[in-house]
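Here are the chains, one letter per residue:
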Amino acid sequence: MADHSEQTCRRVDVGISRVFELFGKRWTGPIVSVLLQRPVHFAELRRAIPGISERMLSDRLTELGAAGLVIREVDEGPPLRVAYRLTEAGAAMEPALKELGQWADTYLAEPEPGTGC
């Protein structure tokens, strides 16, 4: 008989819960998707993700940095520019994210035309 106690269920969900605490936040996936391609300067990253504010982008990059997935690099210039790139741990997410993208293409409905999503 399977053990469905609260303790067992909590133990099983810990890893997935940690992943979705970070990746369940709006904008995190698109940011990582852009950074999987190459390191990007802040302004270029903002242009690549329509609708994201500078504040939200900065907040999400800070969270990804605290999680050890993104590194912030300052180019003293002139002009001073800040670029972001994935760490080894961040880049290691690529196969899982590609699988999720393929799953979405297969099982999630296309967005409504004109919704911008």
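Let us look at the structure shown here. (Residues numbered from 1 in each chain as written. Predicted model: local features only at pLDDT ≥ 70, side-chain atom pairs only at ≥ 80, totals over all residues. Heavy atoms only, no water.)

### Overview of the overall build of the chain
Thinking step 1. A tally of regular secondary structure across the chain gives 6 helices and 3 strands.
Thinking step 2. Counted from the first residue to the last, the chain has its helices and strands arranged as α-α-β-α-α-β-β-α-α.
Thinking step 3. For the chain, the proportion of its 117 residues judged to be buried stands at 22%.
Thinking step 4. Taking contacts inside the chain between residues at least 6 apart in sequence as the whole, the part at least 24 apart equals 45%. (Helix = DSSP H or I, 4+ residues; strand = E, 2+ residues; numbered from the N terminus. Buried < 20%, exposed > 50% of the residue type's maximum accessible area, 1.4 Å probe, protein only. Contact = heavy atoms within 4.5 Å.)

### Details of the sheet that holds strand β3 (residues 81-86)
Thinking step 1. Within the open sheet, the 3 strands sit side by side as β1-β3-β2. Their pairing is antiparallel. In the strand order of this sheet, the two ends are held by β1 (40-41) and β2 (70-75), each with one partner. (Pairing = 2+ DSSP bridges.)

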